[in-house]
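Architecture and fold: a report
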Amino acid sequence: MIIQKTREEIELMRQSALMVSKTLGMIASEIKPGITTLQLDTLAEQFIRDNGAIPGFKGLYGCPSTLLTSVNEQVVHGLPDNRPIQEGDVVSVDCGAIMNEFYGDHAYTFEIGEVAEDTRKLLRITKESLYVGIRELKVGNRVEDVGSAIQRYTEAQGYGVVRELVGHGLGRKMHEAPEMPNFGKRGRGKLFVEGMVVAIEPMINMGTKNVRTLKDGWTIVTRDGKPSAHFEHNVAIVDGKPELLSTYAYIYKALGIDSNEEEEFRRAPLVI
């Protein structure tokens, strides 16, 4: 059952989402060749706790970490470890936090130094597809309208859309109804209603859509060993239209990137 949120609850969820956004902004300042994902995980946990929130992933389903860090061919759910990040890597950093009894949960794939041009294109198209999907999140549309839009946009570039992993509803639990696949056919799935809050998160592979899980039981990788990209935002339906609760603005500030990509999804300008 879809749990509709009041305007007051949505504003509380915005604070939860922005806690994650700020954490990812801090990570953007620290992520570079030579640092390990385990070091980033320690920094993230301290940052979240210092700001009055609770790591949302740690302990959930037995997860041992605050971040899930997926490098190159790792799609999602990579466990932080002691291997140094290298020049040319791409690293998906997925983070969750609990604040005001609500979850925030989103992700960004970082380029580490000079990245191969075809990999950079994969990241660009995947992030663009996130916004293509978000535009379909409005009253009267259905779940697979979002997935269909993401699938069409990315498959047109020859990329593989992961089937085994999906976005989800978000609230007092990390995973609520409905599931939000990144593929589908228009007009199918649950009807979108006012007050829904979801995590939309395209997971797109450079090659095959097929994936497998490593022996650690967590890390999911592409079957052909080619890179994967993962971007995720938290979005509510407000006045029938998509309203972004999360932001990449803190990441962009840390990296010196100028972007207006989020403006169409905000009722009021974001102040950071």
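Below you will find a few notes about this structure. (Residues numbered from 1 in each chain as written. Predicted model: local features only at pLDDT ≥ 70, side-chain atom pairs only at ≥ 80, totals over all residues. Heavy atoms only, no water.)

It is worth spelling out the layout of surface pockets at this point. Approximately 420 Å³ is the volume found for the largest pocket. Lining the largest pocket are 21 residues, with Tyr108, Thr109, Glu111, Leu123 and Ile257 positioned closest to its centre. Broken down by secondary-structure element, the contributors of at least two residues to the lining of the largest pocket are strand S5 (102-111), helix H3 (117-134) and helix H5 (249-255). Tallying contributions element by element places H3 first for the lining of the largest pocket, with 6 residues. (1 Å grid on protein atoms, 1.4 Å probe; cavity = no way out; pocket = protein on both sides within 12 Å on 5 of 7 lines; lining within 4 Å. Points joined across faces, edges and corners; volume = space filled by probe spheres on them. Helix = DSSP H or I, 4+ residues; strand = E, 2+ residues; numbered from the N terminus.)

Here we have 3 strands laid out as an open sheet, ordered S3-S12-S11, and antiparallel in their pairing. At either end of the open sheet lies a strand with only one pairing partner, and these are strand S3 (74-76) and strand S11 (211-213). Looking at each pair of strands side by side, their axes are set apart by 40 degrees on average, direction ignored. Inspection of the sheet shows S11 paired to strand S12 (residues 220-222) by 3 bridges, in the antiparallel sense. Bridging across to S12, Arg212 finds its partner in Val221. (Pairing = 2+ DSSP bridges. Axes fitted to C-alpha atoms, helices over the stretch in contact; angles between N-to-C directions.)

Turning next to the state of the cysteines. Within the structure shown, the criterion is met by 0 disulfides. Here Cys63 stays unpaired: no disulfide links it, and the sulfur of Cys95, its closest cysteine neighbor, is 11 Å away. Residue classification places Cys63 among the buried positions, given a relative accessible area of 4%. Residue classification places Cys95 among the buried positions, given a relative accessible area of 0%. (Disulfide = S-S within 2.5 Å. Buried < 20%, exposed > 50% of the residue type's maximum accessible area, 1.4 Å probe, protein only.)

Side chains Val197 and Ala199 of strand S9 (residues 197-200) all project onto a buried face; the interleaved residues Val198 and Ile200 project onto the opposite face, where all are buried too. As paired elements, strand S7 (residues 167-169) and S9 share 2 bridges and run antiparallel to each other. Residue Gly169 lies in a different strand from S9, and its bridge partner there is Val198. With 4 bridges connecting them, S9 and strand S14 (residues 233-238) associate as antiparallel partners. Bridge pairing in S14 places Val197 opposite Ala236.

The next point concerns the sheet that holds strand S6 (residues 160-161). Strand order across the open sheet formed by 3 strands is S6-S10-S13, with antiparallel pairing between neighbours. A single partner strand is all that each edge strand has here, and the edge strands are S6 and strand S13 (228-230). Two strands pair when backbone bridges link them, and strand S10 (residues 203-205) and S13 are joined in this way by 3 bridges, in the antiparallel orientation. Paired with Ile204 across the strands is Ala229, a residue of S13. The strands that H3 touches are S10 and S13; relative to S13, the one it contacts most, it runs at about 35 degrees. (Contact = heavy atoms within 4.5 Å.)

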